[in-house]
Amino acid sequence: MQQANEPLLEVKDLKQHFKVSRKFTVKAVDGVSFKIYPGETYGLVGESGSGKSTIGRSVIRLHELTDGEVLFKGKDISKKMNKDTERVLRTNMQMIFQDPMASLNPRKNVLDSVAQGLDIHGLYKNQAERNERVLEILERVGLSKEFAGRYPSQFSGGQRQRIGIARALIMNPDLIIADEAISALDVSIQAQIVNLMKEIQEETNVAYLFIAHDLSMVRYISDRIGVLHLGHMIETGTTEEIFSKPLHPYTKSLLSAIPHPNPIIEQKRTALSYDYATSGLDYSEGSLHNVGGTHEVLGTDEEVNNWLNKYSMKEVIGVR
Amino acid sequence: MKEKVLEVRDLAITFNTSAGKVKAVRGVDLDLYKGETVAIVGESGSGKSVTTKAIMGILSNNGTIDSGEIHYTFEKEGEEVTENLLNFSKKQMRKTINGKHIAMIFQDPMTSLDPTMSIGNQIIEGMRTHYKTKKKIAQAKAIKLLELVGITDPKSRMKNYPHQLSGGMRQRIVIAIALACDPDVLICDEPTTALDVTIQAKILELIQDIQKKIGISVIYITHDLGVVAKVAEYVNVMYAGKIVEKGTVDDIFYEPKHPYTWGLLLAMPDLETNTEKLVSIPGNPPNMSHDIVGDPFYPRNKYALHIDKEIEPPLIAVSETHSAATWLLSEHGPEYSLPTELQARITRMKEEAKHYAAG
């Protein structure tokens, strides 16, 4: 982590509302701010409907922002962009999607699929250079050269995800948004892909916005974590801070819900439950309070004090 | 003496596909005792779902059962009988077994519920067809079931349709439907994979509670070892259509013997993993449309022996409850030791357990 540097990505008070009908608007993301520094991994976690994927899509401008500001490499990418800014965004920020089968064109072979970014931006002098770069990247993600002429249907899930990573990587990006990039894969393959992503990070100093619901993987890969619930950032901090001292009741319930692969403990405990409707909390009332280091939690002064005073980790582990 | 409910012997299943014959299950033995919870763990394509579909008699049409027996012990007109379910026709299965004796919960509640039918009607449907229960009585029971699965205000919920409920609520409804005809065996095929972790914990705890209350036997199919640790008493690890290791949950987590199980345990980060790299299983699962010679795990196995290339290892017993299919365990097998990372993790797990037991 390189806190001293300028942030690579800065999201300020991002709001993303979707108008469903004349009377009803879904506030998918309601005022979320965070920063990502070069070479670090920021994990966004939350349940379905918490707005984590929407944030990823808004940041890379797949949605028109309702409100807020997004700065990428110091350039504002939240409003109408000029050609230069758009070029910076489209080449330096890439995305890996959840389902590699759905994100690859079944009628394009791997070579052309991976080269698509290069083609669009005209980033090579001749065909030979283009193909060479693709083969290089394929090798890097652990696919042999013979695969270049094959089609997505001829690959297994893990291999397809490697193609997805290769597509993002070939642009030499500074930031990769990985939206549930490993959720669709088998456990043994997940570990392969996560290791690959970590290796690539060490080599190229790329930053990741890692969006996932699997907390044990997020803990493993992330330097810092943001916990989202109902479109609000309710707690954020380094991985260590969040996992050793979760304060918000939702974060606690989320952590306590992860099953430990340790039967003696696991069969004795019950997960904490949390229900926003009956919790008496109102996310729009609270503000982010710093509780030491970079650890911040959303709540009113009174709530935060309360959580700090009654804090017990035992509760989270939750032995019956 | 534990009562045996279900006994699967040497089950083998082949699918005819456009890419040729796929041997999905290649000789599986499985036992289920009354009130017990058994988990089947494996990656996609390992044959875990196919095995349970064969038990339910709901294999797709291109699937054929090459060999095997499925003995199911149940009460029929007051008498206890044991029948081979493979002798039953699909129609017989539907009339006498499915729902009434063996019920199943699937992964995605949205696809297993009928969107055009109120949930009340979906719950009483089984009772009405199987037992010709009077509508009033069935409805009263449905309300009780909804209470059992933790749905508040069950009376008014009866009139709701699936789209009006959240994912977790829908899965609760599916459980209520499965329990409507008082089955002896409940098969849960990845019951929580489509749900959020917080809801997953609730649903698993719910199934456990119900099991305690009414004493049914449960088979879990899952790829998540955390889930297994939480719910199972007995675990079967499947790979390439065979059970490669079976044992009690403690056998599998604290004394695993098969290199594949080692890989699975190491591939998921526990909350204390601080190593730079996860230990992953290299390569991919084998293509089941090819003939398998030797141990199918051989190409991915660091601990493979020469013999693995030629002869597939049988299940070798380690203790009364525990056995694994690896030549490492044979009397002529070499000296070996657990991967150091795994050894460290098991020690840590045991220490943690001691720590929590103490207070």
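Bear in mind that the values here come from a model prediction, so they are computed numbers and not experimental data. (Residues numbered from 1 in each chain as written. Chains lettered and ligands numbered in written order. Predicted model: local features only at pLDDT ≥ 70, side-chain atom pairs only at ≥ 80, totals over all residues. Heavy atoms only, no water.)

Quick look at the nonpolar core
Next, step 1: If you look at the biggest cluster of nonpolar residues, it comprises 135 residues, and the most contacted ones within it are Ile-165 of chain A together with Ile-175 and Phe-253 of chain B.
Next, step 2: Examining the composition of this core, we find that 8 residues originate from one element, helix H7 (residues 187-204) of chain A, more than from any other.
Next, step 3: Excluding residues that lie within four positions of it along the chain, Ile-175 of chain B makes contacts with Ile-105, Val-149, Ile-203, Leu-206, Ile-207 and Ile-210 of chain B.
Next, step 4: Ranked by size, the runner-up nonpolar core spans 34 residues in total, among them Phe-15, Val-25, Ile-55 and Phe-74 of chain B. (Core = buried A, V, L, I, M, F, W, Y, C linked by side-chain atoms within 4.5 Å. Buried < 20%, exposed > 50% of the residue type's maximum accessible area, 1.4 Å probe, protein only. Helix = DSSP H or I, 4+ residues; strand = E, 2+ residues; numbered from the N terminus. Contact = heavy atoms within 4.5 Å.)

Quick look at the sheet that holds strand S1 (residues 4-17) of chain B
Whenever strands of a sheet pair, they do so through backbone hydrogen bonds, lying parallel or antiparallel.
Residues and elements named next belong to chain B.
Next, step 1: With respect to topology, 4 strands assemble into an open sheet ordered S2-S1-S4-S5, the strand pairing being antiparallel. With partners counted over all chains shown, the strands left at the sheet margins are strand S2 (20-33) and strand S5 (79-84), one partner each. Strand-to-strand, the axes of this sheet are offset by a mean angle of 10°, without reference to chain direction.
Next, step 2: Relative to S2, S1 is paired through 11 bridges, and the arrangement is antiparallel. (Pairing = 2+ DSSP bridges. Axes fitted to C-alpha atoms, helices over the stretch in contact; angles between N-to-C directions.)

Structural notes on the pattern of salt bridges
Close approach of charged atoms allows side chains with opposite charge to pair.
Residue and element names in this part refer to chain A.
Next, step 1: Under the defined criterion, the tally for this structure stands at 27 salt bridges over all chains.
Next, step 2: The closest approach of N and O atoms between Asp-174 and Lys-73, which form a salt bridge, is 2.7 Å. A residue pair is termed long-range when its members are at least 10 positions apart, and Asp-174 in the loop between helix H6 (157-169) and strand S7 (175-179) and Lys-73 in the loop between strand S4 (67-72) and strand S5 (75-76) qualify at 101 residues.
Next, step 3: Look at Lys-73 and you get partly exposed, because its relative accessible area is 41%. (Salt bridge = Lys/Arg side-chain N within 4 Å of Asp/Glu carboxyl O.)

Notes on the interface of chain B and chain A
Next, step 1: Between chain B and chain A, the contact holds 43 residues from the first and 42 residues from the second.
Next, step 2: Summing both partners gives a buried area of about 3,900 Å² for chain B against chain A, and 57% of it is carried by carbon and sulfur.
Next, step 3: Counting every contact that joins chain B to chain A gives 1 salt bridge.
Next, step 4: The partner of Lys-230 of chain B in a salt bridge is Glu-266 of chain A, and the shortest N-O contact between them spans 3.4 Å.
Next, step 5: Between chain B and chain A we count 14 residue pairs in polar contact (both at pLDDT 80 or more) in total.
Next, step 6: With 6 residues, the single largest contributor to the side of chain B that touches chain A is helix H8 (residues 197-214) of chain B.
Next, step 7: Class assignment for the residues of the side of chain B that touches chain A results in 19 nonpolar, 12 polar and 12 charged. (Buried area = accessible area lost by both parts, 1.4 Å probe. Polar contact = N/O pair within 3.5 Å; in protein donor to acceptor, adjacent residues only side chain to side chain. Nonpolar A, V, L, I, M, F, W, Y, C, P; charged D, E, K, R; others polar.)

As for the UniProt feature "domain: ABC transporter" (unreviewed entry) in chain B
Next, step 1: The feature "domain: ABC transporter" (unreviewed entry), as annotated in UniProt, sits at residues 6-265 of chain B in this numbering.
Next, step 2: Strand forms 30% of residues 6-265 of chain B and helix 40%; the C-alpha atoms that close the span are 28 Å apart. (UniProt positions renumbered as here; feature names shortened; annotations may be inferred.)

Quick word on the pairing of strand S6 (residues 93-96) of chain A
Residues and elements named next belong to chain A.
Next, step 1: Side chains Met-93 and Met-95 project from S6 onto one buried face, and the interleaved Gln-94 and Ile-96 project onto a second face that is buried too.
Next, step 2: In this sheet, S7 lies alongside S6 in parallel orientation, the contact comprising 4 bridges. Its bridge partner lying in S7, Gln-94 is registered against Ile-176.

Points about helix H1 (residues 52-59) of chain A
Residues and elements named next belong to chain A.
Next, step 1: Across the 8 residues that make up H1, a large majority, 6, are buried.
Next, step 2: Listed in full, the buried residues belonging to H1 are Lys-52, Thr-54, Ile-55, Gly-56, Ser-58 and Val-59.
Next, step 3: Remark: Arg-61 follows H1 within two positions and exhibits a positive phi of approximately 65°.

As for the sheet that holds strand S1 (residues 9-19) of chain A
Residues and elements named next belong to chain A.
Next, step 1: Strand order in the open sheet formed by 4 strands is S2-S1-S4-S5, with antiparallel pairing between adjacent strands. In this open sheet, the two strands that pair with only one neighbour each are strand S2 (25-36) and S5.
Next, step 2: Sheet topology places S1 next to S2; 9 bridges connect them, and they run antiparallel. By the bridge assignment, Leu-9 is partnered in S2 with Ile-36.
Next, step 3: Contacting S1, S2 and S4, H1 crosses the sheet at an angle of about 110° to S1.

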